[in-house]
Amino acid sequence: MHNLRPLNFSKKLTCSLNAILLTLTLTIVNQAVADETTIVTIPTMNDARVFAEFKDKMPAVVNYFTKSTEEDVIGFYQKEYGQALNQERKRGRLTLNFSQEKHDIRVVISQQNHLRQVDVIIENSTSK
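Residues numbered from 1 in each chain as written. Predicted model: local features only at pLDDT ≥ 70, side-chain atom pairs only at ≥ 80, totals over all residues. Heavy atoms only, no water.

**Notes on the layout of surface pockets**
Empty space left among the atoms is revealed by rolling a probe the size of a water molecule over them.
Link 1 in the chain: Roughly 200 Å³ of internal volume is contained in the largest pocket.
Link 2 in the chain: Elements with a minimum of two residues in the lining of the largest pocket: helix H2 (70-81) and strand E5 (103-112).
Link 3 in the chain: When grouped by side-chain class, the residues that make up the lining of the largest pocket number six nonpolar, three polar and two charged. (1 Å grid on protein atoms, 1.4 Å probe; cavity = no way out; pocket = protein on both sides within 12 Å on 5 of 7 lines; lining within 4 Å. Points joined across faces, edges and corners; volume = space filled by probe spheres on them. Helix = DSSP H or I, 4+ residues; strand = E, 2+ residues; numbered from the N terminus. Nonpolar A, V, L, I, M, F, W, Y, C, P; charged D, E, K, R; others polar.)

Dropping the structure here:
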C-alpha cells in the first residue's frame, strides 16, 4: 500500500503550483514581446515600387512610387480604410487622414516626375 504523507503531498502541490505560475508568467512575457514586434500590414497599389518599409514597430511606414493617378490612389486607400477624416494640400502634397481601430493613418501623395510618391504612416492612436 502507498503511504501518502502530508509532507510529500504538500511538496508536490507546491512544486505543481510553482510550475503553473512559471508557465503563466512566461506566457504573459511572450505575449508582451509579441505585441511589441507585431508586423503591421500596409496595403500598397499593385504597381508599387517600394523604396522604404518599416513595419515591425510603431510608427509603421511604407514609401513607394506608383504610375497610378492621384484619384486612383485616393480611391484605393478609401476602399482600404474608409472615408478620410480630412485631407489637406500643402506644397503640392495631398495628405489624407484616416482612423481605424487603434491606429491613426496618414497617406501622403506627391508628384515626382511622371510618378506619384505615396507615403503611408500608421501610428498608435492617442485618442483611444
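**Side note on unusual backbone geometry**
Link 1 in the chain: Looking along the chain, the bond that leaves Met58 and enters Pro59 is cis, with omega of -5°.
Link 2 in the chain: Positionally, Pro59 belongs in the loop between strand E1 (49-54) and strand E2 (60-66).
Link 3 in the chain: Phi at Arg91 takes a positive value of approximately 50°, unusual for a residue other than glycine.
Link 4 in the chain: Look at Asn113: it is not a glycine, yet its phi comes out positive at around 55°.
Link 5 in the chain: Note on placement: Asn113 falls in the loop between E5 and strand E6 (115-124).
Link 6 in the chain: Asn113 gets classed as exposed once you look at its relative accessible area, which sits at 74%. (Buried < 20%, exposed > 50% of the residue type's maximum accessible area, 1.4 Å probe, protein only.)

**Overview of the sheet that holds strand E3 (residues 86-90)**
Link 1 in the chain: Here we have six strands laid out as an open sheet, ordered E1-E2-E6-E5-E4-E3, and antiparallel in their pairing. Single-partner strands in this sheet number two, and they are E1 and E3. Each adjacent strand pair in this sheet contributes to an overall mean axis angle of 15°, direction not counted.
Link 2 in the chain: In terms of strand pairing, E1 meets E2 through five bridges, oriented antiparallel. Its bridge partner being in E2, Arg49 is matched across the sheet by Phe65. (Pairing = 2+ DSSP bridges. Axes fitted to C-alpha atoms, helices over the stretch in contact; angles between N-to-C directions.)

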